[in-house]
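Listed here are the chains, written in short residue letters.
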2 protein chains.
Amino acid sequence: MPKLDQTHDPKLQSWLASANGHPDFPIQNLPLGVFSSHSGKPRGGVAIGDRILDLGAAIEAGLFDGEAREAAAAASGETLNEFLALGARARCALRARLSELLTLGNPDRSHAEACLHVATDCTLHLPARIGDYTDFYVGIHHATNVGKQFRPDNPLLPNYKYVPIGYHGRASSISPSGTAVRRPNGQTKLPDSEDPRFGPSQRLDYELELGVWIGSGNVSGEPIEITKAAQYVAGYCLLNDWSARDIQAWEYQPLGPFLSKNFASTVSAWIVTPEALAPFRSAQPSRPEGDPKPLPYLTDEADQKEGGLDLQLEVLLRTPAMREKGLSPHRLGLSNTRHMYWTVAQMITHHTSNGCNLQPGDLLGTGTISGPDAASCGSILEATVGGRNPISLPSGEERRFLEDGDEVFLRARGQREGFAPIGFGECRAVILPAL
Amino acid sequence: MPKLDQTHDPKLQSWLASANGHPDFPIQNLPLGVFSSHSGKPRGGVAIGDRILDLGAAIEAGLFDGEAREAAAAASGETLNEFLALGARARCALRARLSELLTLGNPDRSHAEACLHVATDCTLHLPARIGDYTDFYVGIHHATNVGKQFRPDNPLLPNYKYVPIGYHGRASSISPSGTAVRRPNGQTKLPDSEDPRFGPSQRLDYELELGVWIGSGNVSGEPIEITKAAQYVAGYCLLNDWSARDIQAWEYQPLGPFLSKNFASTVSAWIVTPEALAPFRSAQPSRPEGDPKPLPYLTDEADQKEGGLDLQLEVLLRTPAMREKGLSPHRLGLSNTRHMYWTVAQMITHHTSNGCNLQPGDLLGTGTISGPDAASCGSILEATVGGRNPISLPSGEERRFLEDGDEVFLRARGQREGFAPIGFGECRAVILPAL
């Protein structure tokens, strides 16, 4: 697990005023991403306050040495895959140097300032070329809520508390925050209809998830032990796994969700490192009395002690009418990564337990992370109980599912007494009407 | 649909003697792949008889002009993705020139001969960087046979005859023929046991499938119409979708197969083009009386008339004892691509009907293609009825599922009166014991 060091000091101030007290990107965060400005190609950068530090420019200005320079070079291209593959040591060297460089009083300030771009003038891209995308189902309240709609007496299937359930998703249709999502057409079948019909989904939903970026990979045939699994994580993001519930209900038997999910997924563009999240590690929440113990290959004392994460997760909605009236996005759910039944290390170890190989830049999703009550749902399917109880919005509107023009925002935030709070940045998209 | 031209003439003979009458690679086939010889890097080549033509070397020797030269250049690198993206026109130009160049009497023979490598001295690699891999379930006899083992009275689910069922598989663990497959460990639960156990799969299986390489892709949000879907296919291969049935049974609810499949998939290394397969197109077999018509978005007259394929598919087994006794591989099943309930065009149109974007080098699998009887099963689960009826082998051994050291071979072959028969080359792998 990452150690706490001077880069986590909450008293650390940057010479860049906008970084100090920035809700997402104070000097204690330093997430990496890929951006482009008006003129240049997509290239690696670091978010700091309302600016982006151009890593390639900073190398040319001579601001890095040794291992930090190697890491910065690997992170300066069109994707961060090469950087992700380097692992923790190089990542920490870069973080230490970035923290020093951006700290108030650093003599290299003027050189570094010349490498900053105004973030709102830049375009953010996917931070890595995603080889494979796997989505898990570790939010036990989500699994229970959804299960209840299908099987009121037996919401959780018998495998749930033994197997970190997951499945493969679509890598090609993952986009960075801000990319609009077109409502999918598809086959749906109403309960009282004999035949299915083809047309726009009527039950379009969001899913509030944490994304995990894989760093170094494993060789095919060689599992990753639970005691080492955390070392394979290069960072985290927000993930909205858009879902068409009516398409899903008709197609998912027997091979799982397909077209109901693969039309689009949205990620926040910045990779928040395990080092930045070190202050927000927590014990894995204890399993309810009577739950089975995880099998030995999924059991590790250190993981139980600090393999959990304590991050606030939030989903908000803004409709076209709300935009017109100047209303802020309305919160639909407030949850926390502590509601994960399995840790990220358990997800990785399970995923590779059969020898499956992970590669740098692979993306894992946790699945929807809902809390135990109605105010903490991570999908509208749960919040409206399958569309039966509409949500009331401050504009006077109601929603059972998402409508065209609706904009969905996800947010994540780490906050803990004695540490500087950090955020993940924007993860939003607007719904376009079906073709 | 590809047209028949002089490259399909069965009387065409090559100056390379081994090509004439070659079971897989006569001059009428000309599949593309990526190979390396002792010295060089992986690079694009064409299989002809028992040789491989080095495309980069042939360009340097001045053997290509115009569009054929452009296509050869795109196919001469470490992966064929760039070539696949070019589409049919460039592919046809290259095929026409290759056919001419290799035909008996061609004046460039000596220059071309200098670009040939002995195939058995070369290593074959994956022909493309696979972005996403999707596996379908279009073999209706397979779906019925497997369904019967779970639901004797109702083997096919209600969606089967409306939806070309598919799901996302794992791209990272796909290997070319010859790569050994390690038996996976995983969670399994016996019916009479209260808890699952973790250990080597006891029900390891093969799956006999046709693979489809995607050529040009579609833009996210823009479906591919059924009338145009065939244009997006760049070629075909064999695909063995190894499956651990005991892991599958315990894990697959509710999100589908995951670790039971993603430890390994094996493909034949040569991309057999739609042009090479033009003589083996056929009408889509008519649906049994009473089956629903496909929905309009999946209906196209031309596809019904010639969107089917008539390729013989075969799976064979050789155990260590058979190898020791010098016995040939034993046929476990003989099937045909005519047992597909949905065409490749219907798979592509369905896949993109929600706007999902396909990319050059994506791989689609058809799912296991079994025939209607016991001798035509494409998986051992079907051939032994879930392990109940063991298969007898010429070595005196029996098999209920695959054992360590077993080697599985897939074969595909097009043959039709008036045309030169062609094959797909080798798709084989041996099972290594679990770790």
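The name given to chain A in an unreviewed UniProt entry is fumarylacetoacetase, and the organism recorded there is Microvirga alba.

Here the focus is the interface of chain B and chain A. Taken residue by residue, the interface counts 56 residues in chain B and 57 residues in chain A. In total, chain B and chain A occlude about 5,100 Å² of area from one another, counting both sides; carbon and sulfur atoms represent 60% of this. If you look at where chain B meets chain A, you find 4 salt bridges. A salt bridge links R170(A) to D132(B); the nearest nitrogen and oxygen atoms lie 3.4 Å apart. For the pair chain B and chain A, the interface holds 32 residue pairs in polar contact (both at pLDDT 80 or more). Broken down by secondary-structure element, the contributors of at least two residues to the side of chain B that touches chain A are β6 (133-136), β7 (166-169), β10 (185-188), β11 (197-200), α7 (245-251) and α10 (344-352) of chain B. If you tally residues by element for the side of chain B that touches chain A, the top one is β7(B), at 4 residues. Residues that form the side of chain B that touches chain A fall into these classes: 27 nonpolar, 21 polar and 8 charged.

Below, the discussion takes up the sheet that holds strand β3 (residues 51-54) of chain A. Residue and element names in this part refer to chain A. Overall, antiparallel pairing links the 5 strands, which are arranged β4-β3-β2-β1-β5 in an open sheet. Of all strands in the sheet, those with a lone pairing partner are β4 (116-118) and β5 (123-125), marking the two edges. Each strand of the sheet is rotated relative to its neighbour by a mean of 50°, with strand direction disregarded.

All names here are of chain A. Looking along the chain, the bond that leaves Q253 and enters P254 is cis, with omega of 0°. With respect to the secondary-structure elements, P254 resides in the loop between α7 (245-251) and β16 (265-267). Phi is positive for V385, close to 50°, though the residue is something other than glycine. You can see V385 is positioned in the loop between α11 (380-383) and β22 (391-392). Owing to a relative accessible area of 31%, V385 belongs among the partly exposed residues under this scheme.

Right, let's talk about the relation of the copies chain B and chain A for a bit. Mapping chain B onto chain A is achieved by rotating through 180° and translating by 0.0 Å along the same axis, at an RMSD of 0.0 Å. Between the two chains, the operation in question is that of a two-fold axis. Taking C-alpha positions as reference, the residue of chain B nearest the rotation axis is G256(B), located at 2.1 Å. The share of interface residues of chain B whose copies in chain A are also at the interface is 100%, consistent with both copies meeting through the same surface.

Buried accessible area, meaning the area lost when the parts come together, often serves as the stated size of an interface. Residue and element names in this part refer to chain A. Along its sequence, chain A is organised into domain 1 (6-125) and domain 2 (133-432). At the interface, 26 residues of domain 1 touch 27 residues of domain 2. Of the roughly 2,100 Å² buried between domain 1 and domain 2 on both sides combined, carbon and sulfur atoms contribute 64%. When the buried area of domain 1 at its contact with domain 2 is split by residue, H8, L84 and R91 rank highest and sum to 28% of it. For the pair domain 1 and domain 2, the interface holds 1 salt bridge. Between E275 and R91 there is a salt bridge, with the nearest N and O atoms lying 2.8 Å from each other. Applying the counting rule to domain 1 against domain 2 returns 9 residue pairs in polar contact (both at pLDDT 80 or more). Looking at the side of domain 1 that touches domain 2, the elements with two or more residues in it are β1 (32-36), β2 (43-48), α3 (81-86), α4 (88-102) and β5. The greatest single-element share of the side of domain 1 that touches domain 2, amounting to 4 residues, is contributed by α4. Tallied by class, the residues present in the side of domain 1 that touches domain 2 amount to 15 nonpolar, 8 polar and 3 charged.

Conventions adopted
- Residues numbered from 1 in each chain as written.
- Chains lettered and ligands numbered in written order.
- Predicted model: local features only at pLDDT ≥ 70, side-chain atom pairs only at ≥ 80, totals over all residues.
- Heavy atoms only, no water.
- Contact = heavy atoms within 4.5 Å.
- Buried area = accessible area lost by both parts, 1.4 Å probe.
- Salt bridge = Lys/Arg side-chain N within 4 Å of Asp/Glu carboxyl O.
- Polar contact = N/O pair within 3.5 Å; in protein donor to acceptor, adjacent residues only side chain to side chain.
- Helix = DSSP H or I, 4+ residues; strand = E, 2+ residues; numbered from the N terminus.
- Nonpolar A, V, L, I, M, F, W, Y, C, P; charged D, E, K, R; others polar.
- Pairing = 2+ DSSP bridges.
- Axes fitted to C-alpha atoms, helices over the stretch in contact; angles between N-to-C directions.
- Buried < 20%, exposed > 50% of the residue type's maximum accessible area, 1.4 Å probe, protein only.
- Least-squares fit on C-alpha atoms with pLDDT ≥ 70 in both.
- Domains from an automatic or database assignment.

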